[in-house]
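This is what each chain is made of:
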Amino acid sequence: MIIDREGLDQLISVLIGMGFQVVGPTVRDEAIVYENLNSINDLPEGWADEQEGGTYRLKRRSDKALFGYVVGPHSWKKFLHPPERRLFRANLKGGDFEIIPEKLEEPKFAFLGVRSCELHAIAIQDKVFLGGEHVDSTYKIRRENAFFIAVQCGQSAATCFCTSMNTGPRTESGFDLALTEILDNEHHHFIVEVGSDQGNAVMEKILHRQATGEDVMEAKKLTEEVAAKMKRTLDTTNIKELLYENLEHPQWNDIADRCMSCANCTMVCPTCFCSTVEDVTDITGDHAERWQKWDSCFTMDFTHIHGGEVRASTKSRYRQWLTHKLASWQDQFDSSGCVGCGRCITWCPVAIDLTEEIPKIRDSENQITHPGNEARHEIP
Amino acid sequence: MKLPISDPMTPEPYIVKQFIRETHDTFSLDLFPKNISDSIAFQPGQFTMLYAFGVGEVPISISGPAPMQSGLIQTIRKVGKVTEALDQLKNGDTVGLRGPFGSAWPISAMKKRDIVVMAGGIGLAPLRPALYALFDQRDNFGEIALLYGARSPKDLIFTNEFKTWQEKFGIQVKVTVDTADSDWRGNVGVVTTSIPRVDFDPKNTVAMICGPEIMMKYSVAELKQLGVKEDRIHITMERNMKCAIGFCGHCQFGPAFICKDGPIFQYNQVKHFFGIREI
């Protein structure tokens, strides 16, 4: 199917009419972020983003493209796994207290403009929050209610490496609708792929026309070109073994000399899921609340136990983050924790780039003599 | 029977039936659920998250039912804000509790074996229910030896039960302390110095160890040296925990989440990461 700009605008209003809170890309503070959308006028028309290690800059395009950029500092996890939420309240009654459980909110989000790498990131967080013995009920309800409108990438940023992680640029599943933006001198329209019954039902309410085989070919060709042009790569061959074998590699010290332990990489990462809790009381001391908040393995108190911090050094915290992302994640959730979106590279204030650091470990691996303990060589 | 958990992140109110002073800085709480009449089911080695009103939550291992006490027993050392608040509790007060969580000592897989139990300080707490589980079916096990060490005599817990354990259940108990004054009639030295002083057949031995990492490291090394198999050595790991259900990420130790994959591990499962600084 094909829709025009008007059709896209209609899609937003139909979804709002169905009770969805439509969120998608918009320009704020010189970046493309995910916020509420009321119409296509809220989309970043004619904007492109320029990304490199430690660099993010919006630039004007010469056309009126609505999706002519890649991913910004936000990811959809802020809607599915909110940055903070109250877990419960408690009221003191003499020496006794009562715990008041939190009522579950049930927001209905329609996500517009979800990229392939981001759909993969959501699938990865699904395993974290829904795949185990316990289920995160907030995540579950938000996830189940959500309507996904993907956008097939028409360009990549210099920091993208999704082709290495097998997460893009073309998305084949996990969406209700997927749009490919076609923009040339004569046309500005969107080729729509339908991925679900609900997607189909929504499309029936929107002015559309049938796509020809040629249109579909054109859409595919576009993402193939993006894949072919992607510059950054990461060799993931035996990456788990590589990192498990190199926990004492000198490159971690080299990274630690640059890393500011600022936690930006974990905040922008679409798969990072760590959280902490904060207990607060009011001024009377009779009413207490417990809040869950996003946390980062780069903070000092993340590993606090009696007697001190387990990971006091920046070296150990960076090692934890990258080893978790690329190695132990595989043992925990049967997939990589990295989708190659490049956010951690762009938003690192000192431009630390995992696609540069991993080869430094890999290239020197054979020259490193491992420290004494023979047990180090046995990989679980 | 499982505890009814409406939301795994919301505590259930429990009543302090009895506050038990154990040492100068350690105490036990005998807890009963406020709203549930069911008995509490847990496996020896598991832990709960205890919530002190308005202050916070801490992971605490379950240290019994034990004789003369009948609820859920949790033994706690005062080391921070939350445990200090818990130390202020009185009989009849309320605490919040989530759990039980985590892995257990694999008692049923230990049948016909000799058992070596090694504990450091408050590390005896999660081992006490394991010992009582062994006593429940004493004839199914061979020699049982408890090697217990603490920093000083005043840091030893559960000492009034040792005599019964030796005489009624026929286990060997060796206690050592790191330092002591002239009033101490027992042994001085690290806990591993007790190993040659008890009888067990290393080839047929299962070990359960709980204590500081450095203590566990040397204990594992000594037991391996004697011929105890790595997959029969069980250790407990400790890390920061916020959720106890694998969501918060704080307790990661290599690929393991201590809260759900542990806190008890077969040594060979974690040895690749065990002892690496700041892992």
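This structure is a prediction, so every number in the text was calculated from the model and none was measured.

Conventions we followed
Residues numbered from 1 in each chain as written. Chains lettered and ligands numbered in written order. Predicted model: local features only at pLDDT ≥ 70, side-chain atom pairs only at ≥ 80, totals over all residues. Heavy atoms only, no water. Helix = DSSP H or I, 4+ residues; strand = E, 2+ residues; numbered from the N terminus. Rg over C-alpha atoms; globule rule 2.2 N^0.38 Å. Buried < 20%, exposed > 50% of the residue type's maximum accessible area, 1.4 Å probe, protein only. Contact = heavy atoms within 4.5 Å. Areas by Shrake-Rupley, 256 points an atom, 1.4 Å probe, with all protein chains shown as cover. Lys, Arg positive; Asp, Glu negative; His and termini not counted. Charge placed at Lys NZ, Arg CZ, Asp CG, Glu CD. Pairing = 2+ DSSP bridges. Buried area = accessible area lost by both parts, 1.4 Å probe. Salt bridge = Lys/Arg side-chain N within 4 Å of Asp/Glu carboxyl O. Polar contact = N/O pair within 3.5 Å; in protein donor to acceptor, adjacent residues only side chain to side chain. Domains from an automatic or database assignment. Nonpolar A, V, L, I, M, F, W, Y, C, P; charged D, E, K, R; others polar. Core = buried A, V, L, I, M, F, W, Y, C linked by side-chain atoms within 4.5 Å. pLDDT = per-residue confidence, 0-100. Axes fitted to C-alpha atoms, helices over the stretch in contact; angles between N-to-C directions. Parallel < 35°, antiparallel > 145°, perpendicular 65-115°, else oblique. Expected span 1.5 Å × (residues − 1).

**Student:** When you look at the overall build of chain B in this model, what are you seeing that I'm missing?
**Tutor:** Secondary structure summary: chain B contains 6 helices and 15 strands in total. In summary, chain B has a C-alpha radius of gyration of 18 Å against a globular reference of 19 Å for 279 residues, a match within 12%. C-alpha atoms of chain B, sized along the principal axes, occupy 50 × 45 × 35 Å. Counting all 279 residues of chain B, 61% fall into the buried class. Sequence separation of 24 or more characterises 69% of the internal contacts of chain B that already satisfy a separation of 6 or more. Accessible area of chain B: about 11,100 Å², with a carbon and sulfur share of 49%. Both charge centroids of chain B, one from 31 positive and one from 29 negative side chains, sit 2 Å from each other.

**Student:** Just to check I follow, could you spell out the pairing of strand 2 (residues 21-28) of chain A for this structure?
**Tutor:** Walk down a regular strand and you will see the side chains alternate between the two sheet faces. Residues and elements named next belong to chain A. Alignment of strand 2 against strand 8 (residues 109-114), held across 3 bridges, turns out to be parallel. The residue of strand 8 that forms the bridge with Val23 is Phe111. As paired strands, strand 2 and strand 3 (residues 31-36) are joined by 6 bridges and run antiparallel to one another. Bridging across to strand 3, Val23 finds its partner in Asn36. What sits between strand 2 and strand 3 in their antiparallel hairpin is a turn of 2 residues, with Asp29 showing a positive phi close to 50 degrees.

**Student:** Any chance you could explain the pairing of strand 6 (residues 84-93) of chain A here in plain terms?
**Tutor:** Residues and elements named next belong to chain A. Two strands pair when backbone bridges link them, and strand 6 and strand 13 (residues 287-294) are joined in this way by 7 bridges, in the antiparallel orientation. Paired with Asn91 across the bridge in strand 13 is His287. Inspection of the sheet shows strand 6 paired to strand 7 (residues 96-101) by 6 bridges, in the antiparallel sense. Counted as the bridge partner of Asn91 is Glu98 from strand 7. Here strand 6 hands over to strand 7 after 2 residues, with Gly94 in that stretch at a positive phi of 70 degrees.

**Student:** I would appreciate a short explanation of the interface of chain B and chain A in the present structure.
**Tutor:** How big an interface is tends to be reported as the loss of accessible area on association of its parts. The interface of chain B with chain A comprises 47 residues on the first partner and 59 residues on the second. Sorting the residues of chain B by area buried against chain A places Phe53, Phe247 and His272 of chain B first, and these three jointly supply 19% of that buried surface. Linking chain B to chain A there are 2 salt bridges. Where Asp96 of chain A meets Lys34 of chain B, a salt bridge forms, and the shortest distance between an N and an O atom there is 2.8 Å. Where chain B packs against chain A, one counts 20 residue pairs in polar contact (both at pLDDT 80 or more). Taken together, the elements giving at least two residues each to the side of chain B that touches chain A come down to strand 1 (12-21), strand 4 (56-66) and strand 6 (94-101) of chain B.

**Student:** What's the story with the side chain of Ser28 of chain B in this structure? I'm lost.
**Tutor:** Residues and elements named next belong to chain B. Looking at where Ser28 falls in the secondary structure, it is placed in strand 2 (residues 26-33). Judged by relative accessible area, Ser28 falls into the buried class, the value being 0%. Within the structure, Ser28 has its side chain in polar contact with the side chain of Glu22 (distance 2.6 Å).

**Student:** When you look at the domain arrangement of chain B in this model, what are you seeing that I'm missing?
**Tutor:** Residues and elements named next belong to chain B. For chain B, the assigned domains read domain 1 (12-100) and domain 2 (107-236). Each of domain 1 and domain 2 has a C-alpha centre, and the two are 24 Å apart. With 20 residues of domain 1 at the interface, the matching set in domain 2 holds 15 residues. A buried area of about 1,200 Å², summed over both sides, lies between domain 1 and domain 2, and 63% of it is on carbon and sulfur atoms. Counting the surface domain 1 buries against domain 2, the share from its top three residues, His24, Pro44 and Ser63, is 32%. Applying the counting criterion to the domain 1 and domain 2 interface returns 0 salt bridges. Seen at the junction of domain 1 and domain 2, the total is 2 residue pairs in polar contact (both at pLDDT 80 or more). Here the side of domain 1 that touches domain 2 gets 6 residues from one element, more than from any other, and that element is strand 4. Its residues placed into classes, the side of domain 1 that touches domain 2 shows 8 nonpolar, 10 polar and 2 charged.

**Student:** Please explain the nonpolar core as it appears in this structure.
**Tutor:** With 115 residues, the main nonpolar core has Phe111, Tyr318 and Leu326 of chain A together with Leu223 and Ile235 of chain B as its most contacted residues. Not counting residues up to four positions away in its chain, the partners in contact with Leu326 of chain A are Met165, Leu234, Ile239, Lys240, Leu243, Ser336, Cys338, Leu354 and Ile358 of chain A. Within the second largest apolar cluster, 35 residues are counted, among which are Ala66, Trp105, Ala150 and Cys210 of chain B.

**Student:** Mind showing me how you'd approach the confidence of the model for chain A here?
**Tutor:** In low-pLDDT segments, the atomic positions of the prediction should not be examined closely. Per-residue pLDDT for chain A has a mean of 94; in total, 96% of the residues score no lower than 70. Within the model, pLDDT remains below 50 along residues 371-378 of chain A, and this stretch shows 15 contacts once partners closer than five positions in the same chain are excluded.

**Student:** Sorry, what's going on with unusual backbone geometry here?
**Tutor:** Phi is mostly negative for residues that are not glycine, and the peptide bonds are mostly trans. Residue and element names in this part refer to chain B. Here the residue pair Gly99 and Pro100 is connected by a cis peptide bond, since its omega of 5 degrees sits within 30 degrees of zero. Mapping Pro100 onto the fold places it in strand 6. Residue Pro263 is bonded to the preceding Gly262 through a cis peptide linkage, with omega at 10 degrees. Residue placement: Pro263 occurs in the loop between helix 5 (258-261) and strand 15 (264-266).

**Student:** What's the story with the sheet that holds strand 6 of chain A in this structure? I'm lost.
**Tutor:** Hydrogen bonds along the backbone pair up the strands of a sheet, which may run parallel or antiparallel. All names here are of chain A. With antiparallel pairing, the 4 strands of this open sheet are ordered in space as 7-6-13-12. Each end of this open sheet is capped by a strand with a single partner; those strands are strand 7 and strand 12 (275-281). Averaged over all adjacent pairs, the angle separating strand axes in this sheet is 20 degrees, with direction ignored.

**Student:** In this structure, what is going on with the packing of helix 9 (residues 251-258) of chain A against helix 13 (residues 354-364) of chain A? I would like to understand it.
**Tutor:** To characterise two packed helices, one gives the angle between the axes of the helices and the distance between these axes. All names here are of chain A. Between helix 9 and helix 13, whose axes approach to 10 Å, the crossing angle comes to 155 degrees. Comparing their axes, helix 13 and helix 9 come out roughly antiparallel. Judged by residue contacts, Gln251, Trp252, Ile255 and Arg258 of helix 9 engage Glu357, Lys360 and Ile361 from helix 13. Residue composition of the contact of helix 9 with helix 13, grouped by class: 3 nonpolar, 1 polar and 3 charged.

**Student:** Is there a simple way to explain helix 7 (residues 213-229) of chain A in this structure?
**Tutor:** One turn of the α-helix equals 3.6 residues, which is why residues spaced by three or four share an orientation. Here helix 7 of chain A contains 17 residues, and its C-alpha end-to-end distance of 25 Å stays within 8% of the 24 Å for a straight helix at 1.5 Å per residue. Buried residues along helix 7 of chain A sit against strand 1 (2-4), strand 10 (177-183) and strand 11 (188-194) of chain A.

**Student:** Is there a simple way to think about the sheet that holds strand 2 of chain A in this case?
**Tutor:** Residues and elements named next belong to chain A. Judged by pairing direction, the sheet is mixed, and its 7 strands sit side by side in the order 1-11-10-9-8-2-3 without closing on themselves. Since the sheet does not close on itself, it has two edges, and those belong to strand 1 and strand 3, each with one partner. With direction set aside, neighbouring strand axes in the sheet form an average angle of 30 degrees. Across 7 bridges, the pairing between strand 10 and strand 11 is antiparallel. The residue of strand 11 that forms the bridge with Leu177 is Val194. Taken strand by strand, helix 7 contacts strand 1, strand 10 and strand 11, and its axis lies near 90 degrees from that of strand 10.

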